[in-house]
Amino acid sequence: MLPYWRLSAHYFFYFAFIGTFSPYFGLYLASLGLSAFDIGVLMSLTQVMRLVAPNLWGLLASRLGCHVPIMRSAALASLAGFSSLYFTQGFAGLFVGLAVLAFFWTATLPLIETVTLAHLGAATARYGSIRLWGSIGFVVAVLGVGYLLDAARVTVLLPVLSVLLLGILGSSFFMPEVRVKPADEDGPRFLAILARAEVRRFLAASFFMSAAHGALYVFYSIYLVSQGYSKSLVGWLWTLGVLVEIGVFFYMPQLFKRFTLRAVLLFCFACAAVRFGLIGWCVAFLPVLVFAQVLHGATFGAHHACAMALINRWFGASHQARGQAIYGSISFGAGGMLGGMLSGWLWDAMGPQVTFTVGSIFGAIGLMLVWRMHREALS
């Protein structure tokens, strides 16, 4: 039987942490008087660690044939790293604490994705009904914390984030393990999968999709608050994007029946090319911002669902953890690092409009990469 609620609980707390950290932690860092470049560096540490850490954890899981003990250890170490932020406000101390948090916290998602897909087996269309609880967690956090920050000091973020990390740790102790054959002799076959043209092009496109979101995740809240929007309204805008994402996850099984993966991906990247330019140049027009947030259902929700289907198809059971890790490292890791750090430099050098326009350019590059992929590979 599918352990639906135990899997869903972990997604809930994991993405509730993201729903608090990504939109609002930049405001905490700004309150400490850090520069835009320093904020960009610190907020990009998660993406930097995704370059290395998930591959180490994925390789370890593949070698041992188990996942949950690694998830529990990583969750505990994440909490320990974050706790150090209570005792420092300088750039160096924040850098060390956030780096430790990111190194261990990034281990969680590839492993829970592997466990979930292994329990689903051939029924990957049901993935969205579990993953949507992550989106619900994000909505609860981003909306609740937005109102909380209108009434309380921004330092309240530290205990809120600690509680959510405790939720991730606690839910890992109820996580059902799934056994897969250890991949001791399958290295060459894994490399052969990576060598396929469609795999390389898709990973490159995902790199640019994450890079396109860099300014959004680092500066979106700061940008809107600087333009006079309240933190609660900013929370509602984040919530709108995730609500649309939830609807997309519900509808993905029907979407996959009507359209090919290639068609869905082309639409996702076209939306990215439009979305970030609208945010940059039309921040004064709330209806345009609302429309841009609706496009989050495509630029993240539909794209992520397609990615999970393709990784599951290409890498199979024995290589799933490493496949998830490679995908996370290249897209959220390298792409997110480029987008976050570049946006930190551009924000001071050229302003918000140019920064978000670069995100649109990244989306257009991803669109061209998907266009060049063979139709048969994404049927």
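The rules behind the values
Residues numbered from 1 in each chain as written. Predicted model: local features only at pLDDT ≥ 70, side-chain atom pairs only at ≥ 80, totals over all residues. Heavy atoms only, no water. Helix = DSSP H or I, 4+ residues; strand = E, 2+ residues; numbered from the N terminus. Rg over C-alpha atoms; globule rule 2.2 N^0.38 Å. Buried < 20%, exposed > 50% of the residue type's maximum accessible area, 1.4 Å probe, protein only. Contact = heavy atoms within 4.5 Å. Areas by Shrake-Rupley, 256 points an atom, 1.4 Å probe, with all protein chains shown as cover. Lys, Arg positive; Asp, Glu negative; His and termini not counted. Charge placed at Lys NZ, Arg CZ, Asp CG, Glu CD. Phe/Tyr/Trp six-rings, centres within 6.5 Å; stacked < 30°, edge-to-face > 60°. pLDDT = per-residue confidence, 0-100. 1 Å grid on protein atoms, 1.4 Å probe; cavity = no way out; pocket = protein on both sides within 12 Å on 5 of 7 lines; lining within 4 Å. Points joined across faces, edges and corners; volume = space filled by probe spheres on them. Nonpolar A, V, L, I, M, F, W, Y, C, P; charged D, E, K, R; others polar. Core = buried A, V, L, I, M, F, W, Y, C linked by side-chain atoms within 4.5 Å. Salt bridge = Lys/Arg side-chain N within 4 Å of Asp/Glu carboxyl O. Axes fitted to C-alpha atoms, helices over the stretch in contact; angles between N-to-C directions. Parallel < 35°, antiparallel > 145°, perpendicular 65-115°, else oblique. Left-handed = near helix turned anticlockwise from the far one by under 90°.

Draft legend 1. Structural view of the overall build of the protein chain. Scanning the protein chain for helices and strands turns up 18 helices and zero strands. Computed over its C-alpha atoms, the radius of gyration of the protein chain comes to 19 Å, within 12% of the 21 Å expected for a compact globule of 379 residues. Counting over 379 residues, the protein chain shows a buried share of 59%. When contacts within the protein chain are restricted to residue pairs at least 6 apart in sequence, those whose partners lie at least 24 apart make up 85%. By element, 70% of the accessible surface of the protein chain is carried by carbon and sulfur atoms, the whole surface being about 14,400 Å². Taken as two groups, the 22 positive and 11 negative side-chain charges of the protein chain have centres that lie 6 Å from each other.

Draft legend 2. The packing of aromatic side chains, seen in detail. A complete count under the given rule lists 25 aromatic pairs for this structure. Residues tyrosine 223 and tryptophan 347 carry aromatic rings whose centres are separated by 5.4 Å and whose planes lie at 90 degrees to one another, so their mutual orientation is edge-to-face. With tyrosine 223 in helix 12 (residues 214–226) and tryptophan 347 in helix 17 (residues 320–349), this residue pair connects regions lying 124 residues apart in the sequence. As far as burial versus exposure is concerned, tyrosine 223 and tryptophan 347 are alike and both buried. Pairing tyrosine 223 with phenylalanine 356 gives two aromatic rings, centres 5.7 Å apart and planes at 25 degrees, and the pair type is stacked. Of this pair, tyrosine 223 sits in helix 12 while phenylalanine 356 sits in helix 18 (residues 352–371), placing them 133 residues apart in sequence. Considered together, tyrosine 223 and phenylalanine 356 belong to a single accessibility category, that of buried residues. Cluster of aromatic residues (ring-pair linked, three or more members): Tyr11, Tyr14, Phe15, Phe17, Phe21, Phe25, Tyr28 and Trp105.

Draft legend 3. Representation of the confidence of the model for the protein chain within the structure. When pLDDT is averaged along the protein chain, the result is 89, and 95% of the positions lie at 70 or above. For the protein chain, helix 4 (residues 53–64) is the element with the lowest average pLDDT, namely 77, and helix 15 (residues 286–294) is the one with the highest, namely 98.

Draft legend 4. Seen up close, empty space enclosed by the protein. Applying the stated criterion across every chain yields a total of three cavities of 30 Å³ or more. Taken as a whole, the largest cavity holds about 650 Å³ of empty space. Lining the largest cavity are 41 residues; nearest its centre among them are Ile18, Ser22, Arg50, Tyr217 and Phe332. Residue composition of the lining of the largest cavity, grouped by class: 18 nonpolar, 19 polar and four charged. Roughly 90 Å³ of volume is contained in the second largest cavity. Every residue lining the second largest cavity is listed: Arg50, Pro54, Thr106, Leu109, Pro110, Glu113, His304, Met308, Gln324, Tyr327, Gly328 and Phe332. Elements with a contribution of two residues or more to the lining of the second largest cavity: helix 7 (108–120), helix 16 (296–315) and helix 17. Looking at which element gives the most residues to the lining of the second largest cavity, the answer is helix 17, with four residues. In terms of residue class, the lining of the second largest cavity is built from six nonpolar, four polar and two charged.

Draft legend 5. Representation of the side chain of glutamate 245 in the model. Its location among the elements puts glutamate 245 in helix 13 (residues 231–258). In this structure, glutamate 245 is in contact with Arg131, Ser135, His296, Gly297, Phe300 and Gly301, ignoring residues within four places of it in sequence.

Draft legend 6. Looking closely at the nonpolar core. Formed by 130 residues in total, the largest nonpolar core has its most connected members in Phe17, Phe25, Leu29 and Leu224. A per-element tally of this core places helix 1 (residues 4–31) first, with 13 residues. Apart from residues lying up to four places away in sequence, phenylalanine 17 is in contact with Leu101, Trp105, Leu161, Leu164, Leu165 and Ile168.

Draft legend 7. Broad picture of the environment of glycine 359. With respect to the helices and strands, glycine 359 occurs in helix 18. For glycine 359, a relative accessible area of 5% gives the class buried. In this structure the C-alpha to C-alpha distance between glycine 359 and alanine 211, which are 148 residues apart in sequence, comes to 6.8 Å. If we ignore the near neighbours within four places in the chain, the residues touching glycine 359 are Ala212 and Phe276.

Draft legend 8. Representation of the pattern of salt bridges within the structure. Per the stated rule, a full pass over the model turns up two salt bridges. A salt bridge links glutamate 245 to arginine 131, with the nearest nitrogen and oxygen atoms 3.6 Å apart. Of the two residues, glutamate 245 sits in helix 13 while arginine 131 sits in helix 8 (residues 127–151), which places them 114 residues apart along the sequence. Each member of the pair, glutamate 245 as well as arginine 131, carries the same accessibility label: buried. One salt bridge connects arginine 196 with glutamate 198, and the closest N-O pair in it is separated by 2.7 Å. Given the relative accessible area of 33%, arginine 196 is considered partly exposed. Taking the relative accessible area as the measure of exposure, glutamate 198 reaches 16% and is therefore buried.

Draft legend 9. Structural view of the packing of helix 12 against helix 18. The N-to-C vectors of helix 12 and helix 18 enclose an angle of 150 degrees; their axes lie 11 Å apart at closest approach. Between helix 12 and helix 18, the crossing angle belongs to the class labelled roughly antiparallel. In the packing of helix 12 onto helix 18, the handedness of the crossing is left-handed. Note on element contacts: helix 18 touches helix 12 through Pro352, Gln353, Thr355 and Phe356, opposite Ala215, Leu216, Tyr220 and Tyr223. For the contact of helix 12 with helix 18, a count of residues per class yields six nonpolar, two polar and no charged.

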